[in-house]
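Inside the fold
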Amino acid sequence: MPLSEQEQRLLDEMERHLLHNDADVVSAPSGDRALSYRNLVYGALLLLAGVGGLIVGVVLGDVWGVVVGVIGFAAMLGGVMLAVTPVRKPLSAAPRERAPKQHSSASFMDRMNDRWDRRQDGH
């Protein structure tokens, strides 16, 4: 069943609003923390060393293989944790100013709730 013109306009408006909000979430500063390029590189190197240790552990196959495999796995886990751990930004960096929003999300949701209530009362 195709959508009416009003429903299609409403759907398009909601899509635009969601895309606008998603862009705000992605570009929003995460406080005073950010990912560090240095930590990403060291984490990736530690991850690769851990994969190598895990492979060596599988090839050895005996008790030493298990020990080397566990150490390799721990190195992989540590590398991932190091790579994704944010670091504090320097205090001298000024926070970015955000432009004021043109439309309030509360008013949008209020309008959607009012429309929904009117539809429900009509049926």
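A short tour of the structure in this document, coming up. Just so it is clear, the model here is predicted, and its values are computed rather than measured.

Turning our attention to the overall build of the chain. Counting its secondary structure elements, the chain contains four helices and two strands. Seen in sequence order, the chain has helices and strands lined up from the N terminus as α-β-α-α-β-α. Expressed as a percentage of the 123 residues in the chain, the buried residues total 15%. For the chain, long-range pairs separated by at least 24 residues make up 79% of all intrachain contacts whose partners lie at least 6 apart in sequence. For the chain, the accessible surface area stands at approximately 10100 Å², while carbon and sulfur atoms represent 66% of it.

Below, the discussion takes up helix α2 (residues 37-60). Over its 24 residues, α2 extends 35 Å from the first C-alpha to the last, a length consistent with the 34 Å expected when each residue adds 1.5 Å. Residues Asn 39, Gly 43, Gly 50, Gly 53 and Gly 57 constitute the buried set of α2. On its buried side, α2 packs onto α3 (63-84) and β2 (87-88). Structurally, the start of α2 carries an N-cap: the backbone nitrogen of Arg 38 is 3.3 Å from a side-chain oxygen of Ser 36. Following α2 by one or two positions, Gly 61 adopts a phi angle in the positive range, close to 75 degrees.

Moving on, we come to a positive patch on the surface. There is a patch of like positive charges on the surface, built from Arg 9, Arg 115, Arg 118 and Arg 119. When residues in the positive patch are grouped by element, the largest group, three residues, is from helix α4 (residues 105-122). Tracing the sequence through the fold places Arg 9 in helix α1 (residues 5-27).

Turning our attention to a nonpolar patch on the surface. Nonpolar side chains collect at one region of the surface, where Tyr 37, Val 41, Tyr 42, Leu 45, Leu 46, Leu 48 and Leu 82 lie side by side and expose about 700 Å² of accessible area between them. The element that contributes the greatest number of residues to the nonpolar patch is α2, accounting for six residues. Counting through the fold element by element, Leu 48 comes out in helix α2. For Leu 48, a relative accessible area of 58% corresponds to the exposed category.

Glancing now at a negative patch on the surface. Taken together, the side chains of Asp 110, Asp 114, Asp 117 and Asp 121 define an acidic patch exposed on the protein surface. Position of Asp 117 relative to the elements: it lies in helix α4.

Quick look at the packing of α2 against α3 now. Between α2 and α3, the least distance of the axes is 7 Å, while the angle of their chain directions is 165 degrees. In terms of orientation, α2 lies roughly antiparallel with respect to α3. The chirality of how α2 crosses α3 is left-handed. When grouped by side-chain class, the residues that make up the contact of α2 with α3 number 16 nonpolar, 10 polar and no charged.

Turning to α3, a few remarks are in order. The end-to-end C-alpha separation of α3 is 32 Å, in line with the 32 Å expected for 22 residues at 1.5 Å each. Looking only at α3, the buried set comprises Gly 65, Gly 69, Gly 72, Ala 75, Met 76, Gly 79 and Ala 83. The buried residues of α3 all sit within an arc of 120 degrees when viewed along its axis, so they share a single face. Facing away from the buried side of α3, by more than 90 degrees, are the exposed residues Val 63, Val 66, Val 70 and Ile 71. Turning to α3, the residues buried within the fold contact α2. The N-cap of α3, judged by a side-chain oxygen 3.3 Å from the amide nitrogen of Trp 64 a few residues on, is Asp 62.

Here is what the cut-offs are and how they apply
- Residues numbered from 1 in each chain as written.
- Predicted model: local features only at pLDDT ≥ 70, side-chain atom pairs only at ≥ 80, totals over all residues.
- Heavy atoms only, no water.
- Helix = DSSP H or I, 4+ residues; strand = E, 2+ residues; numbered from the N terminus.
- Buried < 20%, exposed > 50% of the residue type's maximum accessible area, 1.4 Å probe, protein only.
- Contact = heavy atoms within 4.5 Å.
- Areas by Shrake-Rupley, 256 points an atom, 1.4 Å probe, with all protein chains shown as cover.
- Expected span 1.5 Å × (residues − 1).
- Polar contact = N/O pair within 3.5 Å; in protein donor to acceptor, adjacent residues only side chain to side chain.
- Patch = residues over 30% accessible without salt bridge, like charges linked within 9 Å, V, L, I, M, F, W, Y side chains within 5 Å.
- Salt bridge = Lys/Arg side-chain N within 4 Å of Asp/Glu carboxyl O.
- Lys, Arg positive; Asp, Glu negative; His and termini not counted.
- Charge placed at Lys NZ, Arg CZ, Asp CG, Glu CD.
- Axes fitted to C-alpha atoms, helices over the stretch in contact; angles between N-to-C directions.
- Parallel < 35°, antiparallel > 145°, perpendicular 65-115°, else oblique.
- Left-handed = near helix turned anticlockwise from the far one by under 90°.
- Nonpolar A, V, L, I, M, F, W, Y, C, P; charged D, E, K, R; others polar.
- Arc of directions from axis to C-beta.

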